[in-house]
Structure formats: C-alpha cells, structure tokens
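# Chain and residue survey
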Amino acid sequence: EGHPDKVADQISDAILDAPWIGHGFGAYLAAFKPYRSADLHRDVLFDYAHSMPLEQAMELGLPAALLWLVALLLILIRCGIGLVQRRRSQIHPALAIAGAGLLITHNLFDFSLANPAITALAAYLTGVGMAQSWPSGEFTAAAPAGDLSD
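Described in the following lines is the structure provided in the data block. (Residues numbered from 1 in each chain as written. Predicted model: local features only at pLDDT ≥ 70, side-chain atom pairs only at ≥ 80, totals over all residues. Heavy atoms only, no water.)

## Examining the nonpolar core
Listed in full, the 11 residues of the largest apolar core are Val7, Ile11, Ala14, Ile15, Tyr28, Ala31, Phe32, Ala49, Ala57, Met58 and Ala65. If you list the elements that add at least two residues to this core, you get helix 1 (4-17), helix 2 (28-32) and helix 3 (52-60). In terms of residue count, the dominant contributor to this core is helix 1 (4 residues). Sequence-distant contacts of Ala57, that is, excluding residues within four places in its chain, are made with Ile15, Leu62 and Ala65. (Core = buried A, V, L, I, M, F, W, Y, C linked by side-chain atoms within 4.5 Å. Buried < 20%, exposed > 50% of the residue type's maximum accessible area, 1.4 Å probe, protein only. Helix = DSSP H or I, 4+ residues; strand = E, 2+ residues; numbered from the N terminus. Contact = heavy atoms within 4.5 Å.)

## Focus: helix 5 (residues 91-107)
Between its first and last C-alpha atoms helix 5 spans 24 Å; for 17 residues at 1.5 Å apiece the expected length is 24 Å, and the two agree. The complete set of buried residues in helix 5 reads Pro93, Ala96, Ala100, Leu103 and Asn107. Taken end-on, helix 5 shows its buried residues confined to a sector of 105 degrees, consistent with a single buried face. Across from the buried face of helix 5, at angles greater than 90 degrees, the exposed residues are Ile91 and Leu102. If you follow the buried residues of helix 5, they end up packed against helix 3, helix 4 (62-85) and helix 6 (116-131). (Expected span 1.5 Å × (residues − 1). Arc of directions from axis to C-beta.)

## Some thoughts on the packing of aromatic side chains
A ring pair, where both rings are aromatic, is described by two values, the distance of the centres and the angle of the planes. Throughout the structure, instances matching the rule amount to 1 aromatic pair. Judged by centre distance (5.4 Å) and plane angle (15 degrees), the ring pair of Tyr28 and Phe32 falls under stacked. Residue Tyr28 and its partner Phe32 are located together in helix 2, separated by 4 residues, close to a single helical turn. Residue class for Tyr28 comes out buried when judged on its relative accessible area of 1%. Given the relative accessible area of 2%, Phe32 is considered buried. (Phe/Tyr/Trp six-rings, centres within 6.5 Å; stacked < 30°, edge-to-face > 60°.)

## Concerning the packing of helix 4 against helix 5
It is at 8 Å that the axes of helix 4 and helix 5 come closest, and there the two elements cross at 145 degrees. Pair helix 4 / helix 5 crosses with left-handed handedness. Between helix 4 and helix 5, the residues in contact are Leu72, Leu76, Cys79, Gly80, Gly82 and Leu83 and Pro93, Ala94, Ala96, Ile97, Ala100 and Ile104, respectively. In the contact of helix 4 with helix 5, the residues fall into 10 nonpolar, 2 polar and no charged. (Axes fitted to C-alpha atoms, helices over the stretch in contact; angles between N-to-C directions. Left-handed = near helix turned anticlockwise from the far one by under 90°. Nonpolar A, V, L, I, M, F, W, Y, C, P; charged D, E, K, R; others polar.)

## Points about a nonpolar patch on the surface
Among the surface-exposed residues, Leu66, Trp68, Leu69, Val70, Leu73, Leu74, Ile77 and Ile81 lie close enough to one another that they form a single nonpolar patch of about 720 Å² accessible area. Tracing the sequence through the fold places Val70 in helix 4. (Patch = residues over 30% accessible without salt bridge, like charges linked within 9 Å, V, L, I, M, F, W, Y side chains within 5 Å. Areas by Shrake-Rupley, 256 points an atom, 1.4 Å probe, with all protein chains shown as cover. Salt bridge = Lys/Arg side-chain N within 4 Å of Asp/Glu carboxyl O.)

So, to be careful, I would describe these as geometric facts and stop short of saying anything about function.
Take a look at the structure:
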C-alpha cells in the first residue's frame, strides 16, 4: 500500500541533495514532503522512513549517520569480546548482541526504534551488556604508587 521501494528511492534523492549535513535531526516528516511523488497514496502519512538507516542518513547526513553506525558497531564488538573472554555472566553481552541484532535487522525495514519504550529497552540491554563485557578482575583498585610509611 505504501510502496516502500518508491519511498526508498525518494529518500535516496533527499539524501543526495544534502549528503554532508542532512535535513535536520527529527525533520523527516517536513523534509520528505518535497520529495514525495504523486504516485504515492495521499491517504498514507509517511512520518517515518520505514528504514532507520535511510532516515538517519536523510536527517543527519552521511558522515553523522556513519559515525552513529560505527559507535554502535564498536559497542557490539566490545560485547562480542566480552562474550568470548568472560568465564561467567556471559548472558549479558549475549543478550546485548542478540537484542541489537534483532533490532538492527528489523530497523532495516521498519521503524521500531522510533518507539521510546523499545529504544529505552535497547539502551538498557546494550548498556548492561557493555558493562558486563569486561573480565571481572580488570577494574580492581590499583595499589598506591608509593608507600609513604618508609
């Protein structure tokens, strides 16, 4: 009904018009209107791109969208390292990777991260996974540099 392939083509045109700085964070609805073609149903409101990577690139520009993606990948890589290195409590980084993988895959075709409850849950799971991705003994208090009692 919404012709996602046509919408993606029009979003790509919008990205190409402002590839460096984008159209403004949160400005998708207003920025998409000039690119909307007449062959799309007028009854359908395209308030989201139905593809978060495309929406991010349109709103933020390609450099910022790429940095956002790199930051997410670095967090998931750290969780993957923690999954391999930890001897116990591996469930936390595993849940972070699984949850992020599910959301990333779903957000290629829809906009579930636009829902604040889903975003908050994803941030929570990713944060716990990241926090639990280091071995337990790595962050112990260091001994004083010098003993002043001598």
